[in-house]
Amino acid sequence: CNSGGTCGVCAAGKPVPAAPGPGSVDFSSRLGVGTVNRDGTGVRTGPGAQYRLVRTLRRGETLEILDDKRDPWLRVRGNSASGRYVGYVHRGLLSW
């Protein structure tokens, strides 16, 4: 796409599960880094518990916070052995 890796679709040649929503996120601008507060914290495809689980995190893992406009949910990006992922985490489960 020639976006230089900012569109969120390509990460080391692997597709990234994207969270729904209008427009695209400029991954070069982030709000900060958050640390997971407890084991079993879920990253979801959308801002709510009704959305599909993308990944389950352990306490101490870190996530980039991309957007905080869907309170109390934060749009985040993380890295795993299988590549980058994007999703939503409830604000109360991160310290940032």
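Structure first, text after, so check above.
Residues numbered from 1 in each chain as written. Predicted model: local features only at pLDDT ≥ 70, side-chain atom pairs only at ≥ 80, totals over all residues. Heavy atoms only, no water.

### Observations concerning the overall build of the protein chain
- For the protein chain, the count of helices and strands is zero helices and nine strands.
- Beginning at the N terminus, the succession of helices and strands in the protein chain can be written as β-β-β-β-β-β-β-β-β.
- Burial status across the protein chain gives 39% buried among its 96 residues.
- Across the protein chain, the fraction of contacts at a sequence separation of at least 24, relative to all contacts at a separation of at least 6, is 51%.
- Surface summary for the protein chain: the accessible area is close to 5600 Å², and the carbon and sulfur share equals 48%. (Helix = DSSP H or I, 4+ residues; strand = E, 2+ residues; numbered from the N terminus. Buried < 20%, exposed > 50% of the residue type's maximum accessible area, 1.4 Å probe, protein only. Contact = heavy atoms within 4.5 Å. Areas by Shrake-Rupley, 256 points an atom, 1.4 Å probe, with all protein chains shown as cover.)

### Some points on the pattern of salt bridges
- As enumerated under the stated definition, the model contains four salt bridges in all.
- The shortest N-O distance in the salt bridge between Arg77 and Glu64 comes to 2.8 Å. Highlighted residues: Arg77 in strand β7 (residues 73-80) and Glu64 in strand β6 (residues 62-70), separated in sequence by 13 residues. We note that Arg77, like Glu64, is buried. (Salt bridge = Lys/Arg side-chain N within 4 Å of Asp/Glu carboxyl O.)

### As for the pairing of β7
- The element β7 is largely enclosed, with a buried count of seven among its eight residues.
- Where β6 and β7 come together, four bridges link them in antiparallel fashion. In the strand pairing of β7, Glu64 is matched with Arg77.
- In terms of strand pairing, β7 meets strand β8 (residues 83-90) through eight bridges, oriented antiparallel. Considered in β8, the bridge of Ser80 is made with Gly83. (Pairing = 2+ DSSP bridges.)

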